[in-house]
Amino acid sequence: MCSVAFLLYIPFIFLGYGADSDSFLVLETGRGFLKTGQYLPSRNPGFIVYEAVTLLLDQLGGSLLCNLGTLAMALLCVASFIYICHRFEIQNRRLLATILILHPVFWSQAACTMDYVWALGFLLGGTALLFKEMHKTAAVLFALAIGTRCTSVLTVIPVLAYFYYVNKSTRIKFIVCGLITVAIATVFYLPSFALAGWTLKFMKPGYIHPEAWTPFLKLVKWGYRNIYFWGLPTIFFLLLMAWYACGFLRNANNRSRWFPILALCVGVILPCEAMFMVAPAEIPYLLPMLPFALMAAGILLEQKTQLLVALTALLVFYSIVNFNIAQPNVKQAATGAHFGLWMEPGYMIKEVQDRMTMTRAVEANHGKVPQSDQ
């Protein structure tokens, strides 16, 4: 499966740093540090692990090496996901891995200069190591995940809680693992904490357009971007899958056997959704829940392989064609929307277009990083 993912993702390493302006904020942090010796976070509360890695890769090989590093982390995600499914004894794990590989949000982030896949790779890699009883190494990976994206704490906690629950005789090891994770992760945020005058101001996200973040608009954006994490046709299909899943859960033996793992999946998905409701800024914010949603699907639909195959096909379709039900009144700062039904380029087609546009902008600027719109 990793070889398939590699062949699928490798063309994207040649499309510049990426389409997300945050990529260039990370680059500016590293390049600014080299010039002044001062660390200025790319965004609050600081993404110091990824900022440091990107500084190194950018200096050694520019966008090509930065993107190749992300691709390597994507392969770690896939390999760890398959291993975790194997240890959980989840059926159809290769089909589930195929869905992960082809999911357009994961695909779009798998070979660009952005931190989502790095954080997920550290998380899944650490989870896989816990099965091998490598608790201290897993703790380092969990801390790196949190240092890459602070919201990774929402996934690390339920993972450690699961292992603590199912390993009654060795619980102390998972407590130690958690303490090591906290200690190392705390160190990663000390520079941002110091820059904020040792106050919690460094935790406050900076939104340019506060009028676009009213409670009502947050709710609307949360719902809309949840739909387009999967695509409109896929959302309707997921409702059908949920109906089949309810039948699976009506069986008491199924509930008893799979309760801890399903609780883990729900324990990851719900906090991710809650966080996204607070700040529904970008669809990839939902990426950490994807492997756990697929694990739950694999459990609940273990006798409905055809539904998983259909899900795969729908996600490929969404990569090519998108049916959009709303368009913002102001691009990048919507305070309202126009509703209808539009056929548009799919998620991956648009990703390629956006990356090529950004690459041309960099080239037109004589190879320099363009100023961000953030």
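What you see is a predicted model, and the numbers here were worked out from it, not measured in a lab.

What counts and how
- Residues numbered from 1 in each chain as written.
- Predicted model: local features only at pLDDT ≥ 70, side-chain atom pairs only at ≥ 80, totals over all residues.
- Heavy atoms only, no water.
- Patch = residues over 30% accessible without salt bridge, like charges linked within 9 Å, V, L, I, M, F, W, Y side chains within 5 Å.
- Areas by Shrake-Rupley, 256 points an atom, 1.4 Å probe, with all protein chains shown as cover.
- Salt bridge = Lys/Arg side-chain N within 4 Å of Asp/Glu carboxyl O.
- Helix = DSSP H or I, 4+ residues; strand = E, 2+ residues; numbered from the N terminus.
- Expected span 1.5 Å × (residues − 1).
- Bend = angle between axes of the 7 residues up to and from the residue.
- 1 Å grid on protein atoms, 1.4 Å probe; cavity = no way out; pocket = protein on both sides within 12 Å on 5 of 7 lines; lining within 4 Å.
- Points joined across faces, edges and corners; volume = space filled by probe spheres on them.
- Nonpolar A, V, L, I, M, F, W, Y, C, P; charged D, E, K, R; others polar.
- Core = buried A, V, L, I, M, F, W, Y, C linked by side-chain atoms within 4.5 Å.
- Buried < 20%, exposed > 50% of the residue type's maximum accessible area, 1.4 Å probe, protein only.
- Contact = heavy atoms within 4.5 Å.
- Disulfide = S-S within 2.5 Å.

K.L.:
Would you mind showing me how to read a nonpolar patch on the surface here?
P.N.:
The grouping of Tyr 164, Ile 172, Ile 175, Val 176 and Leu 179 at the surface amounts to a nonpolar patch, some 450 Å² of accessible area in total. With four residues, the single largest contributor to the nonpolar patch is helix H9 (residues 171-195). Relative to the assigned elements, Ile 175 resides in helix H9.

K.L.:
Just to check I follow, could you spell out helix H3 (residues 48-87) for this structure?
P.N.:
Count 3.6 residues to each turn of an α-helix, and residues three or four apart come out pointing the same way. For H3, with 40 residues, the first-to-last C-alpha span of 32 Å runs short of the 58 Å given by 1.5 Å per residue. Remark: the principal bend of H3, roughly 130 degrees, maps to Gly 61. Backbone geometry just downstream of H3 places Glu 89 in the positive-phi region, at approximately 60 degrees.

K.L.:
Would you mind going over empty space enclosed by the protein with me for this structure?
P.N.:
Enumeration over the complete set of coordinates arrives at two cavities of 30 Å³ or more. In terms of lining, the largest cavity is formed by Tyr 116, Ala 119, Leu 120, Leu 123, Arg 149, Thr 151, Ser 152, Thr 155, Pro 284, Tyr 285, Leu 287 and Pro 288. Per-element tally for the lining of the largest cavity: the top contributor is helix H6 (residues 116-131), with four residues. By residue class, the composition of the lining of the largest cavity is eight nonpolar, three polar and one charged. A volume near 30 Å³ is recorded for the second largest cavity. Forming the walls of the second largest cavity are Val 26, Leu 27, Gly 30, Arg 31, Thr 54, Leu 55, Asp 58 and Gln 59.

K.L.:
Looking at this structure, I do not really get the layout of surface pockets. What am I missing?
P.N.:
Here the idea is plain: a probe the size of a water molecule rolls over the atoms and shows the empty space left. Empty space within the second largest pocket amounts to approximately 760 Å³. If one sorts the elements of the lining of the second largest pocket by residue count, helix H11 (residues 232-249) sits on top with eight residues. Of the residues assigned to the lining of the second largest pocket, the class counts are 24 nonpolar, one polar and two charged.

K.L.:
Got a minute to help me understand the nonpolar core in this structure?
P.N.:
Nonpolar side chains tend to gather and get buried jointly when the protein is soluble and globular. If you look at the biggest cluster of nonpolar residues, it comprises 109 residues, and the most contacted ones within it are Tyr 9, Phe 88, Phe 106, Leu 130, Phe 142, Phe 292 and Met 295. In terms of residues, this core owes the most to one element, H3, which gives 14 residues. Contact partners of Phe 88, with chain neighbours within four places excluded, come to Phe 131, Tyr 162, Trp 258, Ile 261, Leu 264 and Met 295.

K.L.:
Whenever I open this one, the pattern of salt bridges confuses me. Can you help?
P.N.:
Any two side chains of opposite charge can pair if their charged atoms end up close together. This structure, assessed with the given rule, holds six salt bridges. Glu 89 is the partner of Arg 257 in a salt bridge, and the nearest nitrogen-oxygen pair spans 3.9 Å. Here Arg 257, found in helix H12 (residues 252-278), pairs with Glu 89, found in the loop between H3 and helix H4 (93-102); they are 168 residues apart in sequence, far enough to count as distant. Across the pair Asp 115 and Arg 149 runs a salt bridge, and its minimum N-O distance is 2.7 Å. One end of the pair, Asp 115, is in the loop between helix H5 (104-109) and H6; the other, Arg 149, is in the loop between helix H7 (135-148) and helix H8 (153-166), and 34 residues separate them in sequence.

K.L.:
Can you walk me through the state of the cysteines in this structure?
P.N.:
By definition, a disulfide links two cysteine residues through a covalent bond between their sulfur atoms. Enumeration over the complete set of coordinates arrives at zero disulfides. The thiol of Cys 272 is unpaired, and the distance to the nearest cysteine sulfur, on Cys 265, comes to 12 Å.

K.L.:
When you look at the environment of Leu 195 in this model, what are you seeing that I'm missing?
P.N.:
You can see Leu 195 is positioned in helix H9. Along the chain, Leu 195 and Pro 41 lie 154 residues apart, while their C-alpha atoms are 9.1 Å from each other. Dropping the residues within four chain positions of it, Leu 195 is found in contact with Gln 38, Tyr 39, Leu 40 and Pro 41.

K.L.:
Please clarify how the environment of Val 278 should be interpreted in this entry.
P.N.:
As for its position among the elements, Val 278 is in helix H12. For Val 278, a relative accessible area of 54% translates into the label exposed. A sequence separation of 56 residues divides Val 278 from Trp 222, and the C-alpha atoms of the two residues are 8.5 Å apart.

These figures capture arrangement, not role.
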